[in-house]
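# Coordinate inspection notes
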Amino acid sequence: MRPISILFAALVTVAAFCVTETQGAEKGPSAAPLSEETRACIECHNSLNPGLVQDWLASRHAKTTGEEALKKPEAERRVSAKEIPGALRTVAVGCYECHGLNQGVHKDNFLHAGYRINVVVSPKDCGTCHTTEADQYGEGKKANALANLDENRVFRALVDAVGSVKHLKGKRLVSGKPSASTLNETCYGCHGSKITVKGFVTRATDAGDMQFPDLANWPNQGVGRNNPDGSSGSCTSCHPRHRFAISVARQPYTCGQCHIDPDVPAWNVYKESKHGNIFFSSSRAYNLDNVPWAAGRDFVAPTCASCHNSLVSNPDGSIVAERSHNFGARPWVRIFGLIYSHPQPKSGKTYLIKNSNGLQLPVTFTGKPASTFLIDRDEQAKRQNQMEKICQSCHSGAFIKGHFTDFDVSVREADEMVKTTTLLLSRAWNMKLADSANPFDEPIEQMWLRQWLFYANAVRFGAAMMGHGQATFREGWWDLTANLAELSERTKVGE
Amino acid sequence: MRPISILFAALVTVAAFCVTETQGAEKGPSAAPLSEETRACIECHNSLNPGLVQDWLASRHAKTTGEEALKKPEAERRVSAKEIPGALRTVAVGCYECHGLNQGVHKDNFLHAGYRINVVVSPKDCGTCHTTEADQYGEGKKANALANLDENRVFRALVDAVGSVKHLKGKRLVSGKPSASTLNETCYGCHGSKITVKGFVTRATDAGDMQFPDLANWPNQGVGRNNPDGSSGSCTSCHPRHRFAISVARQPYTCGQCHIDPDVPAWNVYKESKHGNIFFSSSRAYNLDNVPWAAGRDFVAPTCASCHNSLVSNPDGSIVAERSHNFGARPWVRIFGLIYSHPQPKSGKTYLIKNSNGLQLPVTFTGKPASTFLIDRDEQAKRQNQMEKICQSCHSGAFIKGHFTDFDVSVREADEMVKTTTLLLSRAWNMKLADSANPFDEPIEQMWLRQWLFYANAVRFGAAMMGHGQATFREGWWDLTANLAELSERTKVGE
Amino acid sequence: MRPISILFAALVTVAAFCVTETQGAEKGPSAAPLSEETRACIECHNSLNPGLVQDWLASRHAKTTGEEALKKPEAERRVSAKEIPGALRTVAVGCYECHGLNQGVHKDNFLHAGYRINVVVSPKDCGTCHTTEADQYGEGKKANALANLDENRVFRALVDAVGSVKHLKGKRLVSGKPSASTLNETCYGCHGSKITVKGFVTRATDAGDMQFPDLANWPNQGVGRNNPDGSSGSCTSCHPRHRFAISVARQPYTCGQCHIDPDVPAWNVYKESKHGNIFFSSSRAYNLDNVPWAAGRDFVAPTCASCHNSLVSNPDGSIVAERSHNFGARPWVRIFGLIYSHPQPKSGKTYLIKNSNGLQLPVTFTGKPASTFLIDRDEQAKRQNQMEKICQSCHSGAFIKGHFTDFDVSVREADEMVKTTTLLLSRAWNMKLADSANPFDEPIEQMWLRQWLFYANAVRFGAAMMGHGQATFREGWWDLTANLAELSERTKVGE
């Protein structure tokens, strides 16, 4: 084993190389001292997992101490904790500074080469320095995305219908429950898995046999991941791997991992919108690192983050919108219709909603909203007003008003199309053309699902961001119309 | 209110910042004087809509006077007017220079803070300096895209069938007409809306209550937009917002907003073509600003614009293809089949076409072209010859000939597949399996539409640019084949 | 005609311009002498096809001699021949150096302006210097991609069913064979065409009438192209045009030309994976030219090439994975299921496989593998172990093990879904609902094909690279489920 001092000298060289060579690296103070523990981590892992270590070396974390982070003017600050605990104040935010936090509650903590290490770093850990962000995130739908699926009887029926293996039993299709692996690779890939510690295993490594925690449902980076420290969420979903670059989180590719057609075609719509057109044509000249993020100076057309969560300012520094990591806090209407559009829910725990038909859905099948659980008109108006301020950075009042009028009508009409389809489904159930026991496992029911989850969403998201192709022929009005015509023919059988 | 002189000093600083910081900004003379009117606009709008003003500051317009623009050697000139009217000659092309033009014909003109302003800048306005471009554009299908939809009985029936809300009346689906908002968010999003002035409204602004024109169907950036000055078209479709960057118009993301699958899969085909492969892998080294645009020097693989409208030269300056803003002027065959491919129409006003069955379609349902309205073989040959010259910049004669042979066959065979499908539809109508009153509102008819509008187009566009996936399994031959098999089974019912 | 010396001086200027101006150009020695033959080529072609010549001027080939290429340290070497033949040793790798090789076997060789030229440069030609790469490529499925389609009775039936024009004969659809052009624009676009010399033709050129070989099925850049020199393959598929840039081959856009949904959704899955997210957000800072390619230093998230074929090292130069141009050499399981997943075939000539039912498929319809033709468990384990080493550059052991467990389960379950579907198809054939003569030409059969070729592939590829949307609602589990439900209903008819 080489002495640590030599290794460290080598690393400094590497770090210097990174700073000059890696154009994409976050700019920051040129160096920060590494803790003894982190130096020990790097000693082995720099040769075991060099890509991982290099990624971190290019991060702002590798070059900043807690003290320096706190010294910044408030608007430029990337930490929100009022104070940063002792150990983190004076060293770079290295391996051990994150993987060694809150050991007492981490069931995935284990003794590793003399140090107690957590495998999974959670929002609770990140919240040590990024407190407000962790808190906001925890209140939103993202941190609760797993429970919102699993604890909701309707959605759970959908998950089971879709992800289960089907076999033939005589002439009938039969199915059980989806496997943990398939859930992890499908629904829970975005919603998050429940990571538990099954025990400990010994694995052969380049440094000999070592013991590690044996984690169920790992790896997973879904936004609502249940972590072994009891917390929910995953910061790495949007701030991936060990660089944690704000420039990655701000680019639409990140949101596009999950918010993609056919169910959530936000990414598709953005791509074909004028915002997307300008972003893809000009983003190499954007400044994707600046905090605050100034419209017109740092970016031209907005990305998802500009409108939905970033701290946005004018070039003169005046704040246009405060940062929020509760992604449900800015929108006023939820266009991801379940099954109709509705005011945003008050709480991120949507599985707690109960509508007047007893279902955990924000609206009944006939369109009655579960208003107690949803924000009221005043809150809606306040939020729309705030969003319009962001639009105003680049658009006139007439432009903005006109846009949101079209949007409102589109959302309402998509809802009406879903209503008509739901009435046909109801007729089909009455005619015994399908069995309502599971509303997702027969062809007529699946046509109904496509109608609200795919096609009405295409119309609503298309109208939200002016993605006209998606709203028209690509899973929008055309499919709403054709699918309804086909469903109508099928429910005429026997008349 | 701060004195204008102070504001202007501040602006110059801002402008200087932009020039050095914004890598994507168009290069040009470092400064041009602003008119008094434009300075007044900026005084307020720089704080009201800073993104908009910053965008303009990074434009060539902000740094050039008409006089300077005219001084350039002809091939490098970006203005085509022989002369530029007095006011525009000596100042930067600022807010008022565009929003204050041709006030007499602008129904959207209004008194605003002491100045008479038009809300909507039209091709007629841009044509003050960019005369040839505005003229060419006006002659093409783009400027006429709204009329080509609305004044054509067949297409109007499609628009109504697709965009209307459907309700249940007893056991039947009934529908009315699509709403203005839905049209704006779907068909008219690309084709353009008809903007009218409904009256005037008072709106609260940061500067107190102000009166504004109340515009119907605004905002809209469709290529065939009908403007309040009586003109048709929208330059901002491709030269978006206030930077008007030629580098944006030249990148395929711009065309990709509308020319997208399933109906016009040009963008999809480009993406998977070798041209696209090279563009996405190498375009960061392209010079997207140069005029003329030299193959091999400024770009490697072409973008849409290279082949379809840009002024393309060799590196030695010799001209390969003249610029044209009539996008129908270069192609010889129209592969966006309605319902079959056909020679390009002579006029951009395709709603004036009448075929021998009395329909406003360039070909009858049995395949007879409305030849009087279409270019002849000589013109076709001339155009193909011109296009081949562009290909020749990078490809040999054998390559080019071979490619267009395959293309011709593919287009013809896609037409034959549509013919077979149309015969089946005809049979279905005869068998009363569907009612021909509206040819787009029943499942069998919708299968027929998919055949020509989606699948045959995938084959034709795929063959035009070597997008093999689109031509095969992604809405191409596979879907043509499977959809036809299904239609055939359905029309056998009752035999 | 200008004297060659003047032209050459001009060219050197152009080359110098390219080197400084074209950021994307490959870095290398600043100049290498051109052969007399190549200078003659350029004399005409620089004005005839300037884009082509400029592209070459920006290539490494234009700036390196064989001798210089051989001098590099082994790990950095881009040529693998032990020796390079005389003529190529001392001049730049110019037009004639490639288009003049192996003339004796090139049926496309012709006398052109005093020189004997081959039209089509083949892997055999490239193998003069890149011997190992040509050999490896020749052993894989890519070089055999045309025969693998054409010589396999099952796949040939699919090709014929899909690509043939269908006509109505009375009430029946009839079809013949696909045309050569359509094959070239569809299946053979990726798989490669058979280029033959039909004779010679005279064409008018800018330099007067000239004779050229008349090639059938040209142009084509499919990976299994049959070349006029008797070799199979096409290097230009991934190293396109005359720049041959390794930076293009390493970017996923290149693989994405063919490995695209719905049949091979690798590209779609990559785009929505975390690897893709990071690549698209950060690749402008990647070093895409370095050999060897160091994880963490040259790239962060991997591209297709990193895991599937590149020579990957650690930043300290130690080799993580050797380069391989046999793209089937690294994976252990073939998830492009035909119709089920199976161990990778031993030979790239998959048409030689014969399963126990006599079909040229690696697995029978009931799931029995043709094990003699497939790699065994030991080889599978060895390969998986090698791949995990690549993963380990950035990921921990627990992460990797967990991922491949989920992957294995997903692949197995997708296979089970295909099995259920195949049993239903079998029932349909027994019930005479379809005729098994061609298993691809009737609706029920086409539903079966979609199940394994589109939807099971979406699940398998999605699980391989964590593309959760593709595995769930975009042609994955949802479509597997809904298509099966519909097929089940259809095969209940008459019960």
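Residues numbered from 1 in each chain as written. Chains lettered and ligands numbered in written order. Predicted model: local features only at pLDDT ≥ 70, side-chain atom pairs only at ≥ 80, totals over all residues.

## Description of the overall build of chain A
- The helix and strand inventory of chain A stands at 22 helices and eleven strands.
- Counting over 495 residues, chain A shows a buried share of 57%.
- For chain A, long-range pairs separated by at least 24 residues make up 60% of all intrachain contacts whose partners lie at least 6 apart in sequence. (Helix = DSSP H or I, 4+ residues; strand = E, 2+ residues; numbered from the N terminus. Buried ≥ 20, exposed ≤ 12 C-beta atoms within 10 Å, placed from the backbone. Contact = placed C-beta atoms within 7 Å.)

## Thoughts on the interface of chain B and chain A
- Each partner contributes residues to the interface: chain B has 56 residues there, and chain A has 53 residues.
- The element contributing the most residues to the side of chain B that touches chain A is helix α3 (residues 50–57) of chain B, with six residues.
- Partitioning the side of chain B that touches chain A into residue classes produces 23 nonpolar, 22 polar and eleven charged. (Nonpolar A, V, L, I, M, F, W, Y, C, P; charged D, E, K, R; others polar.)

## What to know about the sheet that holds strand β8 (residues 312–313) of chain C
Residue and element names in this part refer to chain C.
- Taken in spatial order, the three strands line up as β7-β8-β9 in an open sheet, and their pairing is mixed. Bordering the open sheet on either side are β7 (293–294) and β9 (319–321), each of which pairs with just one other strand.
- Pairing of β8 with β9, which is carried by two bridges, proceeds in the antiparallel orientation. By the bridge assignment for β9, Val312 is matched with Ala321.
- Where helix α18 (residues 377–392) meets the sheet, its contacts fall on β8 and β9, and the angle it forms with β9 comes to roughly 125°. (Pairing = 2+ DSSP bridges. Axes fitted to C-alpha atoms, helices over the stretch in contact; angles between N-to-C directions.)

## Re the relation of the copies chain B and chain A
- When chain B is fitted to chain A, the residual RMSD is 0.0 Å, and the transformation amounts to a turn of 120° plus an axial shift of 0.0 Å. Those values place the two copies in the arrangement expected of a three-fold rotation axis. Of the C-alpha atoms belonging to chain B, the one lying closest to the rotation axis is found on Arg284(B), 4.8 Å away.
- Comparing contact sets, just 2% of the residues at the interface of chain B also lie at the interface in chain A, consistent with a heterologous contact between different surfaces. (Least-squares fit on C-alpha atoms with pLDDT ≥ 70 in both.)

## Considerations on the environment of Ser393(C)
- With respect to the element layout, Ser393(C) can be found in the loop between α18 and α19 (397–430).
- Exposure remark for Ser393(C): the 25 C-beta atoms within 10 Å place this residue in the buried category.
- Apart from the residues within four sequence positions on either side, Ser393(C) is in contact with Asn49(A), Pro50(A), Gly51(A), Ala295(C), Gly296(C) and Val320(C).

## Here we look at the relation of the copies chain C and chain A
- The two copies are related by a screw operation: chain C maps onto chain A through 120° of rotation and 0.0 Å of translation along the axis, at an RMSD of 0.0 Å.
- Taken together, the interface assignments show that only 2% of the residues at the interface of chain C recur at the interface of chain A, consistent with different surfaces on the two copies.

## Details of helix α8 (residues 131–139) of chain A
Residue and element names in this part refer to chain A.
- What α8 keeps buried is the set Glu133, Ala134, Gln136 and Tyr137. The buried residues of α8 all sit within an arc of 165° when viewed along its axis, so they share a single face.
- The elements touched by buried residues of α8 are α7 (123–126). (Arc of directions from axis to C-beta.)

## Comments concerning the interface of chain C and chain A
- Facing the 53 residues of chain C at the interface are 56 residues of chain A.
- Counting only elements with at least two residues in the side of chain C that touches chain A, the list comes to α16 (274–282), α19, α20 (443–465), α21 (468–472) and α22 (477–490) of chain C.
- With 14 residues, α19(C) is the single largest residue contributor to the side of chain C that touches chain A.
- Per-class residue counts for the side of chain C that touches chain A are 21 nonpolar, 21 polar and eleven charged.

## Regarding the sheet that holds strand β7 (residues 293–294) of chain A
Residue and element names in this part refer to chain A.
- Strand order in the open sheet formed by three strands is β7-β8-β9, with mixed pairing between adjacent strands. The sheet is open, and its two edges are formed by β7 and β9 (319–321), each paired on a single side.
- Across the sheet, helix α18 (residues 377–392) touches β8 (312–313) and β9, and the angle it forms with β9 is around 125°.

## Quick word on the environment of Gly140(C)
All names here are of chain C.
- By secondary structure assignment, the location of Gly140 is in the loop between α8 (131–139) and α9 (145–150).
- Taking the number of C-beta atoms within 10 Å as the measure of exposure, Gly140 has 22 and is therefore buried.
- In this structure the C-alpha to C-alpha distance between Gly140 and Thr350, which are 210 residues apart in sequence, comes to 9.5 Å.
- With residues up to four places along the chain from it excluded, the contact list for Gly140 reads Asn326, Phe327, Gly328 and Gly348.

## Some remarks on the pairing of strand β1 (residues 109–112) of chain A
All names here are of chain A.
- Two elements, β1 and strand β2 (residues 115–118), share four bridges in a ladder whose sense is antiparallel. The residue of β2 that forms the bridge with Leu111 is Arg116.
- In this structure, the hairpin formed by β1 and β2 is closed by a connection of two residues, where Ala113 is found at a positive phi of approximately 55°.

## Considering the pairing of strand β6 (residues 208–216) of chain B
- Pairing of strand β5 (residues 196–205) of chain B with β6(B), which is carried by nine bridges, proceeds in the antiparallel orientation. Within β6(B), the residue paired with Arg203(B) across the bridge is Met210(B).

## A few points about the packing of helix α2 (residues 36–48) of chain A against helix α3 (residues 50–57) of chain A
Residue and element names in this part refer to chain A.
- Viewed as axis vectors pointing N to C, α2 and α3 meet at an angle of 120°, and their least axial separation amounts to 5 Å. The orientation of α2 with respect to α3, classified from their angle, is oblique. For the pair α2 and α3, contact is made by Ile42, His45, Asn46 and Ser47 and by Pro50, Leu52 and Val53, respectively.
- Across the contact of α2 with α3, the residue classes tally to four nonpolar, three polar and no charged. (Parallel < 35°, antiparallel > 145°, perpendicular 65-115°, else oblique.)

## Quick notes on the nonpolar core
- In terms of nonpolar packing, the biggest core is built from 363 residues, with Ala456(A), Val459(A), Ala456(B), Val459(B), Ala456(C) and Val459(C) touching the most fellow members.
- Non-local contacts of Ala456(A), meaning those with residues more than four positions away in its chain, are made with Gly337(A), Ala414(A), Met417(A), Val418(A), Gln451(A) and Leu480(A). (Core = buried A, V, L, I, M, F, W, Y, C linked by C-beta atoms within 7 Å.)

## Describing helix α2 (residues 36–48) of chain C
- Across its 13 residues, α2(C) extends 19 Å between first and last C-alpha, which sits within 8% of the 18 Å expected from 1.5 Å per residue.
- Taken together, the buried positions of α2(C) are occupied by Glu37(C), Thr38(C), Cys41(C), Ile42(C) and Asn46(C). (Expected span 1.5 Å × (residues − 1).)

## Brief notes about unusual backbone geometry
- For the peptide bond that leads from Trp218(A) to Pro219(A), omega is 5°, which places it in the cis range.
- Among the structural elements, Pro219(A) can be located in the loop between β6 (208–216) and α13 (246–249).
- The linkage connecting Leu338(C) with the following residue, Ile339(C), adopts the cis geometry, with an omega of -10°.
- Position of Ile339(C) among the secondary structure elements: in the loop between β10 (333–334) and β11 (342–343).
- For Asn102(A), which is not a glycine, the phi torsion comes out positive at approximately 50°.

## Section: the confidence of the model for chain A
Residues and elements named next belong to chain A.
- The share of residues in chain A with pLDDT of 70 or more is 93%, and the mean pLDDT across the chain is 93.
- Segment residues 1–29 is flagged for pLDDT under 50; beyond a separation of four residues in sequence, or across chains, it makes 35 contacts in the model.
- Here the complex is predicted with pTM 0.95, and the ipTM for its interfaces comes to 0.94. (pLDDT = per-residue confidence, 0-100.)

## Re the environment of Cys95(A)
Residues and elements named next belong to chain A.
- Within the secondary structure, Cys95 is located in helix α6 (residues 95–99).
- Classification of Cys95 by C-beta neighbours within 10 Å gives buried; the count is 25.
- In sequence terms Cys95 and Val53 are 42 residues apart; their C-alpha atoms lie 9.0 Å from each other.
- Leaving out residues up to four positions away in the same chain, Cys95 has contacts with Thr38, Cys41 and Ile42.

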